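# Summary of structural features
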Amino acid sequence: MTKVSTTESRTKESRRLGAGPVPAVLRRSSIEPPHDCPLCSRLAAFRETNRQQHPHWFNGPVSSFGAADARLLIVGLAPGLQGANRTGRPFTGDFAGDLLYQTLSDFGFAQGRYDARPDDGLILTDCRISNAVRCVPPQNKPLPAEINTCRAFLRASIDEMPALRAIVMLGRVSHDSTIKALGLRAAQAPFAHGAETQIGRLRLFDSYHCSRYNTNTRVLTTEMFRSVFASARQYLDA
Ligand code: SF4
């Protein structure tokens, strides 16, 4: 049985406490970064290299997918080079997306056929997907400073979800950045696969990231992943 830890409810205050200086580019551009977001110089340079090598790819910060009035938010790590960075939609076009979208469909969080293309017609139902870092990092490894910088966009995405009740955090980087975006201390919500933490009306769910590496090494099995979404479904239906 999953252990649920409960923390004193002060979601709004937590969000306020998590608020840091808002980058000028964020103030200018609503909540999503512009296609040429310059805030992380290393990622901007990598983006430029990818644009030259693959001019027909998306090659930009990947926006959240799904309606802002959803109750469930899923936070991943960052776009994959040949996944979201290529297609422009989170988790679309690589292995992680195959497992995630199949799982979302199975638990009623997605409708339609996922075909690894942003124009496949798939619709998220009461669910939204975002990433801790919006630009593809070299070797899938964002630097701490890049995670900290891009948190302004994650925080803004969270703040614009008035009905938010649950967040599934995929992997430790996602977990840590989301916790900070919510203004929580690490000790209030330690990371562990399957862990759940209640923050007022908001339930936080932890999962290992659904990357090919994690599934190939069986750090994460399909059953383990499905179990997290079964819990989120049960919580939202309660
Ligand atoms: S990772 Fe985020 S903050 Fe950094 S350049 Fe990309 S969109 Fe901007």
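Scoring rules and cut-offs
Residues numbered from 1 in each chain as written. Predicted model: local features only at pLDDT ≥ 70, side-chain atom pairs only at ≥ 80, totals over all residues. Heavy atoms only, no water. Helix = DSSP H or I, 4+ residues; strand = E, 2+ residues; numbered from the N terminus. Expected span 1.5 Å × (residues − 1). Buried < 20%, exposed > 50% of the residue type's maximum accessible area, 1.4 Å probe, protein only. 1 Å grid on protein atoms, 1.4 Å probe; cavity = no way out; pocket = protein on both sides within 12 Å on 5 of 7 lines; lining within 4 Å. Points joined across faces, edges and corners; volume = space filled by probe spheres on them. Nonpolar A, V, L, I, M, F, W, Y, C, P; charged D, E, K, R; others polar. Phe/Tyr/Trp six-rings, centres within 6.5 Å; stacked < 30°, edge-to-face > 60°.

On to helix α5 (residues 95-106), then. If you check α5, its first and last C-alpha atoms are 17 Å apart, about what 12 residues at 1.5 Å a residue would give, namely 16 Å. All of the buried residues along α5 are Ala-96, Gly-97, Leu-99, Leu-100, Tyr-101, Thr-103 and Leu-104. Taken from the residues just after α5, Gly-108 is the one with a positive phi, measuring 80 degrees.

Summed over the entire model, instances satisfying the criterion amount to 1 cavity of 30 Å³ or more. Taken as a whole, the largest cavity encloses approximately 90 Å³ of empty space. Surrounding the largest cavity, 14 residues form its lining, Cys-37, Cys-40, Arg-47, Cys-135 and Cys-150 being those nearest its centre. Class assignment for the residues of the lining of the largest cavity results in 11 nonpolar, 1 polar and 2 charged.

For the rest of this paragraph, the subject is the packing of aromatic side chains. Taken as a whole and judged by the stated rule, the model has 5 aromatic pairs. Plain terms: the ring middles of Tyr-101 and Tyr-114 are 4.6 Å apart, the flat faces sit at 25 degrees to each other, and that makes the pair stacked. With Tyr-101 in helix α5 and Tyr-114 in the loop between β3 (110-111) and β4 (123-124), this pair connects stretches of sequence that are 13 residues apart. Tyr-114 carries the same exposure label as Tyr-101, and that label is buried. Clustering of aromatic rings is evident, with ring pairs tying together Phe-65, Tyr-101 and Tyr-114.

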